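# Observations on chain architecture
Given next are the chains, with one letter for each unit.
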Amino acid sequence: MTPPRKLHIKSYGCQMNVYDAQRMVDTLAPEGFVETADANEADLVILNTCHIREKASEKVFSELGRLRVMKEEAAREGREMKIAVAGCVAQAEGAEITRRASTVDVVVGPQSYHNLPKLLAKARTGAPAIETEFPIQDKFSSLPAPKPAAIRARGISSFVTVQEGCDKFCTFCVVPYTRGMEVSRPVAAIVDDVKRLADNGVREITLIGQNVNAYHGEGANGQAWSLGRLLHHLASVPGIVRLRYSTSHPRDVDDSLIEAHRDIPAVMPFVHLPVQSGSDRILAAMNRKHTAADYIRTIERFRKASPKIAFSSDFIVGFPGETEQDFSDTLALVTQISYAGAYSFKYSSRPGTPAADMQETDTALAVPAAVMDERLARLQALIDAQQASFNRAAIGQTVEVLFERAAHEPGQIVGRTAYLQPAHVMAPADIIGQVLPVTIDSLERYSLKGRLASTHAADTSRAPISIPATEPETFA
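Parameters and conventions
- Residues numbered from 1 in each chain as written.
- Predicted model: local features only at pLDDT ≥ 70, side-chain atom pairs only at ≥ 80, totals over all residues.
- Heavy atoms only, no water.
- Pairing = 2+ DSSP bridges.
- Helix = DSSP H or I, 4+ residues; strand = E, 2+ residues; numbered from the N terminus.
- Axes fitted to C-alpha atoms, helices over the stretch in contact; angles between N-to-C directions.
- Parallel < 35°, antiparallel > 145°, perpendicular 65-115°, else oblique.
- Contact = heavy atoms within 4.5 Å.
- Nonpolar A, V, L, I, M, F, W, Y, C, P; charged D, E, K, R; others polar.
- Expected span 1.5 Å × (residues − 1).
- Buried < 20%, exposed > 50% of the residue type's maximum accessible area, 1.4 Å probe, protein only.
- Phe/Tyr/Trp six-rings, centres within 6.5 Å; stacked < 30°, edge-to-face > 60°.
- Lys NZ or Arg CZ within 6 Å of the ring centre and 35° of its normal.

## Brief notes about the sheet that holds strand β16 (residues 412-416)
In a beta sheet, neighbouring strands pair by backbone hydrogen bonds and run either parallel or antiparallel. Ordered by their spatial adjacency, 5 strands build a closed barrel running β15-β16-β17-β19-β18, and the pairing between neighbours is mixed. Taking the axes of each pair of neighbouring strands and ignoring which way they run, one obtains an average angle of 55° across the sheet. Pairing between strand β15 (residues 398-406) and β16: 4 bridges, direction antiparallel. Paired with Arg-405 across the strands is Val-414, a residue of β16.

Next up, the structure:
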């Protein structure tokens, strides 16, 4: 019997890449590959890249330098190691990757990873295999379904891609060029995925897309469904107790999505809604096509429908031309809304984007690095204070927690609240996969600690779901 080949995938960036990495594993499983956490012992290493943040490609080439040493060591041991670069850096810089890193065997864009077996076969002939075009066929229809054992091993929460690409063309963003235009999957295909996951122990689904609330997939009647309508339908799938979605654009928040938060208990009251800036002048330069007031009105619509709702967001500090007044407008918006958390970054120029061209044309628009550092520190201090206040408000409250896995401390089980806060309790492992009330006693950094509410006990009639005890890597 041929021994299995070992596969190591290192993912950078967003939730889409986490999902894509899992589907690459599913795609390569019929080829005899099994996952390993140790790149040194792998027969195939895939770098699943992200092109959003500063120096993304430099980080990839740095990692490729380390992998070259591993590949040479494997060859000395008489073992062949293949190296693939996948994802958005591969899509944007495929030719440059093969020019600078001859050790790379396969370069594959995010729309083509279902062709990995074919590309690996080509690479075995000795020539680099590159596929970075946007294929006509739907990659999702070509992907094999994950095996039940793989689903159960990944835990009780799962991502499901419903939409890819973006038509918004924000001037700072490379997504339309690396992921393509907005495409939505058919409703039936999504429902099949969710039912398969639920049948194998998944209790929480996060619908993901570069612009997930632009979803307009085809329903059974041939009409386009909105994300809100899709959430209504998925809430009826047996076994699914929580629904989330990410990442949203303020311009695509329609009434059906608001109503989903009002009417569907399974839809969690926590929304990631990036705004990027509180300055109308900067929002216009970013081509966001909404104002700060538009964004605040959208927040108010959510809060009116679901008073317990909370928000997180994304912010860019130091966009070309940002003045102190523009930054003050951002601080004012954050103060007014009060977030449960947020991601904030210094502007990084992405080659080929309008913002990068703008800054190259007029170098006076560039915000000095020291100014960006100082503004970012001020913004993060405000957001951290708001997040700490939000988390402290849970102390003394009884909240619903979906338990996910064993924690590092013996006898402790960790789950998440409706707001994605980690919550730890001392309890038996058979509570994994259940939503139970927990009385919160304390807060340690970002994690809540508490005890199962005295009026509720774990349902021991259900067999526990087999979940790895390790903490997963998180991605911003």
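## Some details on the packing of helix α9 (residues 227-234) against helix α10 (residues 255-263)
Two elements in contact, α9 and α10, have axes separated by 7 Å at closest approach and are oriented at 30°. With respect to α10, the element α9 is oriented roughly parallel. Touching Leu-227, Gly-228, Arg-229, Leu-231 and His-232 of α9 are Ser-256, Leu-257, Glu-259, Ala-260 and Asp-263, all from α10. Taken together, the residues of the contact of α9 with α10 sort by class into 4 nonpolar, 3 polar and 3 charged.

## Comments concerning helix α12 (residues 292-305)
Over its 14 residues, α12 extends 20 Å from the first C-alpha to the last, a length consistent with the 20 Å expected when each residue adds 1.5 Å. Those residues of α12 that sit buried are Ala-292, Tyr-295, Ile-296, Thr-298, Ile-299, Phe-302 and Ala-305. Where α12 is buried, its residues meet β11 (242-246), α10, β12 (270-272), α11 (280-285), β13 (310-317) and α13 (324-337).

## A short note on the packing of aromatic side chains
Per the stated rule, a full pass over the model turns up 6 aromatic pairs. Residues Phe-315 and Tyr-339 carry aromatic rings whose centres are separated by 5.7 Å and whose planes lie at 80° to one another, so their mutual orientation is edge-to-face. In this pair, Phe-315 is assigned in strand β13 and Tyr-339 in the loop between α13 and β14 (341-346), connecting sequence segments 24 residues apart. Of the two residues examined, Phe-315 and Tyr-339, each falls in the buried class. Taken together, a centroid distance of 5.5 Å and an interplanar angle of 70° make the contact between Phe-319 and Tyr-347 edge-to-face. Pair noted here: Phe-319 is in the loop between β13 and α13 and Tyr-347 is in the loop between β14 and α14 (354-361), with a separation of 28 residues, a long-range link. Relative accessible area serves as the criterion here: at 0%, Phe-319 is assigned to the buried category. Taking the ring centre of Phe-61 as reference, the NZ or CZ of Arg-100 above it sits at 3.7 Å.

Coordinates in, geometry out; function isn't part of it.
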